[in-house]
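# Inside the fold
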Amino acid sequence: QVQLVESGGGLVQAGGSLRLSCATSGRTFSSYVMGWFRQAPGKEREFVAGIRWSGGYTRYADSVKGRFTISRDSANNTVYLQMNNLKPEDTAVYYCALELSSLLTTNRYEYDYWGQGTQVTVSS
C-alpha cells in the first residue's frame, strides 16, 4: 500500500505564504502523478496543482496560477505546494493524492491514494 502524509497547514493572514508538504511511503511506482486538491466547507473537492513525477511536468488550476508552485524532491519522495499571496478564498482542507495512470488529470476520481488532509485558513 501507499501512505501519504501532509503537513504544513495553518493560519495565515491574506497576502502571506505557506508551504505544504506531502511525504509518500510504501509501494513505489515507475510513473505516476502527485496532485494537490482542496475542499472548502460545503464545496466540492477541487484540483489545485499536479506534477508528473517523471519529467516534472506541472499543471495548475486557473485560480492559483502565478501564486502557487508545486515541486518534488525525488530523493525524499516528497511533494511540496508553495502558496504565496494567499487569499481568504484559499481557505480549505488541502489533500495530496497519487494518480497511477499518470494522466495529470484534474478529475479527483482518477486519483488512487489520498492523504488525510491539512487545514489552511487565510484570514482577511
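The preceding data block contains the structure.
The text that follows walks through the structure, step by step, so that each part is easy to find. (Residues numbered from 1 in each chain as written. Predicted model: local features only at pLDDT ≥ 70, side-chain atom pairs only at ≥ 80, totals over all residues. Heavy atoms only, no water.)

Time to look at the nonpolar core. Met 34, Trp 36, Leu 81, Met 83 and Tyr 94 are the most contacted members of the largest nonpolar core, which totals 30 residues. Every element with two or more residues in this core is listed here: strand 1 (2-7), strand 3 (18-26), strand 4 (33-39), strand 5 (46-52), strand 7 (68-73), strand 8 (78-83), strand 9 (92-99) and strand 11 (118-123). The element that contributes the greatest number of residues to this core is strand 9, accounting for four residues. One finds Val 33, Phe 37, Leu 104 and Tyr 111 within the second-largest nonpolar core, a separate group that totals six residues. (Core = buried A, V, L, I, M, F, W, Y, C linked by side-chain atoms within 4.5 Å. Buried < 20%, exposed > 50% of the residue type's maximum accessible area, 1.4 Å probe, protein only. Helix = DSSP H or I, 4+ residues; strand = E, 2+ residues; numbered from the N terminus.)

Now for the environment of Ser 102. When you line up the elements, Ser 102 lands in the loop between strand 9 and strand 10 (113-114). Linking Ser 102 and Gly 8, residues 94 residues apart in sequence, is a C-alpha distance of 25 Å. Excluding its chain neighbours within four sequence positions, the residues that come into contact with Ser 102 are Ser 31, Tyr 32, Val 33 and Arg 52. (Contact = heavy atoms within 4.5 Å.)

The next subject is the pattern of salt bridges. One pass over the structure, following the stated rule, counts five salt bridges. Put simply, Glu 44 and Arg 108 hold a salt bridge, and the shortest N to O gap is 2.8 Å. A residue pair is termed long-range when its members are at least 10 positions apart, and Glu 44 in the loop between strand 4 and strand 5 and Arg 108 in the loop between strand 9 and strand 10 qualify at 64 residues. Take Glu 44: its relative accessible area is 57%, and that puts it in the exposed class. Across the salt bridge formed by Arg 67 and Asp 90, the nearest N and O atoms sit 2.7 Å from each other. Pair noted here: Arg 67 is in the loop between strand 6 (58-60) and strand 7 and Asp 90 is in the loop between strand 8 and strand 9, with a separation of 23 residues, a long-range link. The residues Arg 67 and Asp 90 share a single accessibility class, namely buried. A single network of salt bridges, built from pairs that share partners, joins Arg 38, Glu 46, Arg 67 and Asp 90. (Salt bridge = Lys/Arg side-chain N within 4 Å of Asp/Glu carboxyl O.)

Applying the stated rule across the entire model yields eight aromatic pairs. Between Tyr 32 and Trp 53, the aromatic rings sit 5.4 Å apart at their centres with planes inclined by 15 degrees, giving stacked as the arrangement. Of this pair, Tyr 32 sits in the loop between strand 3 and strand 4 while Trp 53 sits in the loop between strand 5 and strand 6, and the two are 21 residues apart along the sequence. Accessibility assignment for this pair places Tyr 32 and Trp 53 in one class, buried. Geometrically, the ring pair formed by Phe 37 and Tyr 111 is edge-to-face, given 4.9 Å between the ring centres and 80 degrees between the ring planes. Remark: Tyr 111 occurs in the loop between strand 9 and strand 10 and Phe 37 occurs in strand 4; sequence separation between them is 74 residues. Using a relative accessible area of 0% as the deciding quantity, one classes Phe 37 as buried. Stacked on the ring of Tyr 80, the Lys or Arg Arg 19 has its end atom at 4.2 Å from the ring centre. One cation-aromatic arrangement involves Arg 45 over Trp 114; the distance from NZ or CZ to the ring centre is 4.9 Å. (Phe/Tyr/Trp six-rings, centres within 6.5 Å; stacked < 30°, edge-to-face > 60°. Lys NZ or Arg CZ within 6 Å of the ring centre and 35° of its normal.)

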